[in-house]
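# Reading the structure
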Amino acid sequence: MSTHQQTNAIRIQTERTNEMEHSTPMFLTSSFCFDNAEDMRAAFADETDANIYSRFSNPGVQEFVDKMCALEGAEAGYATASGMSAVFGSFMALLKQGDHLIACNAIFGSTHTIIAKYLPKFGIEYTYLDANADEAAWEAAIKPNTRMIYLETPTNPGLDILDLEMIGRVSKKHSIILNVDNCFATPVNQQPIDFGADLVVHSATKWLDGQGRVLGGVIVGRKDLIKEIYLFCRSTGPALSPFNAWVLSKSLETLDVRMERHASNALFIAQSLEKNEKISSLRYPFLASHPHVAIAKKQMKNGGGIVCFELKGGLESGRAFLNNLKMLSLTANLGDTRSIASHPASTTHAKLSEAERQAVNITPGLIRISVGLEHKEDILNDILQALEKC
Ligand SMILES: *Cc1c(COP(=O)(O)O)cnc(C)c1O
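Note that the structure is predicted; figures quoted are calculated from it, not measured.

## Brief notes about the overall build of the protein chain
Counting secondary structure elements, the protein chain contains 14 helices and twelve strands. Taken over C-alpha atoms, the radius of gyration comes to 21 Å for the protein chain, in line with the 21 Å a tight globule of 390 residues would show. A burial count over the protein chain gives 55% of its 390 residues as buried. For the protein chain, long-range pairs separated by at least 24 residues make up 73% of all intrachain contacts whose partners lie at least 6 apart in sequence. For the protein chain, the exposed surface amounts to about 16,800 Å²; the carbon and sulfur share of it is 52%. Of the side chains in the protein chain, 37 bear a positive and 44 a negative charge, and the two mean positions are spaced by 4 Å.

In structure tokens form, the structure reads like this:
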């Protein structure tokens, strides 16, 4: 193992088979064989870590997990079929009836659905805090039964930055599990474990794949917590497909170089649009105008690949903008080689009430751009010509 992240993301690989392949092979098998009854007994008794069945473990899936652990600086991990099964698994394995969860209210739409609709069915209560909550507000939200703090930073889609060092300090002081969705930053830009996170969850569907091909998720972090999550997942079945694991593991080899370009393109787009007359406000974490720029620079290497702005004309302008784009894709995903424009109020966050959307700054004219790897001037020119028609 190297001390350099990008080398580990490229060089960690399943042991070479006697075919002497260079690229990692795919292990498309649902189960694994044993030479004899004794080996099989020992594997089932957990006396060896031999693979048994791909719902439990698979060499290609483990390769992806090992790379993610190296990237995040984590002890252990488990890969899941989607980001949502990673989030759900991290909750269900570690929370029980009577427990309390504190979460920032600016979170992915389906995560909000799990917290507000499903966790209460199991007797798990929650408190939402605003992204701007200070240390006193986090302290005040803690109850004797608080077991987990959950957050995303940067948030989706508002790009608020939460202070990982401050929240890490609060969680450590009260021995509460800190669980961070690091999807937007990726580990090459931000490592929440350095700031006290116990668990990091990802939608691998986004930047980790980076090419819009497969769904996947992963949870990494403290070994004792991952053990519980593994036991929950191996019984309930959200395992990552070995094919998707192969795709994702190969993607990690280019993550560092891709994210650098996504971020430099995004910074160029943000700087070029900031003063545009059709836009009332624009957010990018590394712009001096961002309200949390100091925290962003403390915990992130760059501003990431997402830019958000508010059109002066509100909902009608938002529709006109999307309809006049010639190159940018209108699609629900983010974190692709291809630039994507989306309108959260009518899509990913449509299930929230108007008041809930307001609380997390999702205004009717909010546009989110996932900046791709096309030439930065082609991305900008498409946005500018669509803005002219708003
Ligand atoms: C997309 C997303 C998820 C859910 O991931 P899936 O792979 O779609 O299940 C969770 N958190 C964030 C921040 C996301 O953007």
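We are not done yet, so read on.
## Digging into unusual backbone geometry
If a residue is not glycine, its phi is most likely negative; likewise, a peptide bond is most likely trans. The omega angle of the peptide bond from Thr 153 to Pro 154 is -5 degrees, so this bond is cis rather than trans. Omega for the bond connecting Asn 156 with Pro 157 falls within 30 degrees of zero, at 0 degrees, which places this linkage in the cis form. As for its position among the elements, Pro 157 is in the loop between β4 (146-152) and α7 (164-173). Non-glycine residue Met 20 carries a positive phi angle of around 65 degrees. The topology assignment puts Met 20 in the loop between α1 (5-11) and α2 (37-44). You will see that Ser 175, though not glycine, has its phi angle at about 50 degrees, which is positive. Following the sequence through the fold, Ser 175 ends up in the loop between α7 and β5 (177-181). Looking at Ser 175, the relative accessible area reads 67%, which means it is exposed.

## Comments concerning the domain arrangement of the protein chain
The assigned domain composition of the protein chain is domain 1 (5-252) and domain 2 (255-388). Each partner contributes residues to the interface: domain 1 has 41 residues there, and domain 2 has 40 residues. Carbon and sulfur atoms supply 57% of the area buried between domain 1 and domain 2, which totals about 3,400 Å² over both sides. Summed over the three residues of domain 1 that lose the most area to domain 2, namely Pro 157, Ile 161 and Trp 207, the buried surface amounts to 24% of that side. Taken together, domain 1 and domain 2 are joined by 20 residue pairs in polar contact (both at pLDDT 80 or more).

## Quick word on the pattern of salt bridges
Counted by the stated rule, this structure contains 16 salt bridges. Linking Arg 41 and Glu 47 is a salt bridge whose minimum nitrogen-to-oxygen distance equals 2.9 Å. With a closest N to O distance of 3.2 Å, Arg 222 and Asp 198 form a salt bridge. Of this pair, Arg 222 sits in the loop between β7 (217-221) and α8 (223-236) while Asp 198 sits in the loop between β5 and β6 (199-203), and the two are 24 residues apart along the sequence.

## Some details on the environment of Ala 185
Note on placement: Ala 185 falls in the loop between β5 and β6. Sequence separation between Ala 185 and Gln 6 is 179 residues; the distance between their C-alpha atoms is 16 Å. If we ignore the near neighbours within four places in the chain, the residues touching Ala 185 are Thr 153, Pro 154, Gln 190 and Met 259.

Conventions used here
Residues numbered from 1 in each chain as written. Predicted model: local features only at pLDDT ≥ 70, side-chain atom pairs only at ≥ 80, totals over all residues. Heavy atoms only, no water. Helix = DSSP H or I, 4+ residues; strand = E, 2+ residues; numbered from the N terminus. Rg over C-alpha atoms; globule rule 2.2 N^0.38 Å. Buried < 20%, exposed > 50% of the residue type's maximum accessible area, 1.4 Å probe, protein only. Contact = heavy atoms within 4.5 Å. Areas by Shrake-Rupley, 256 points an atom, 1.4 Å probe, with all protein chains shown as cover. Lys, Arg positive; Asp, Glu negative; His and termini not counted. Charge placed at Lys NZ, Arg CZ, Asp CG, Glu CD. Domains from an automatic or database assignment. Buried area = accessible area lost by both parts, 1.4 Å probe. Polar contact = N/O pair within 3.5 Å; in protein donor to acceptor, adjacent residues only side chain to side chain. Salt bridge = Lys/Arg side-chain N within 4 Å of Asp/Glu carboxyl O.

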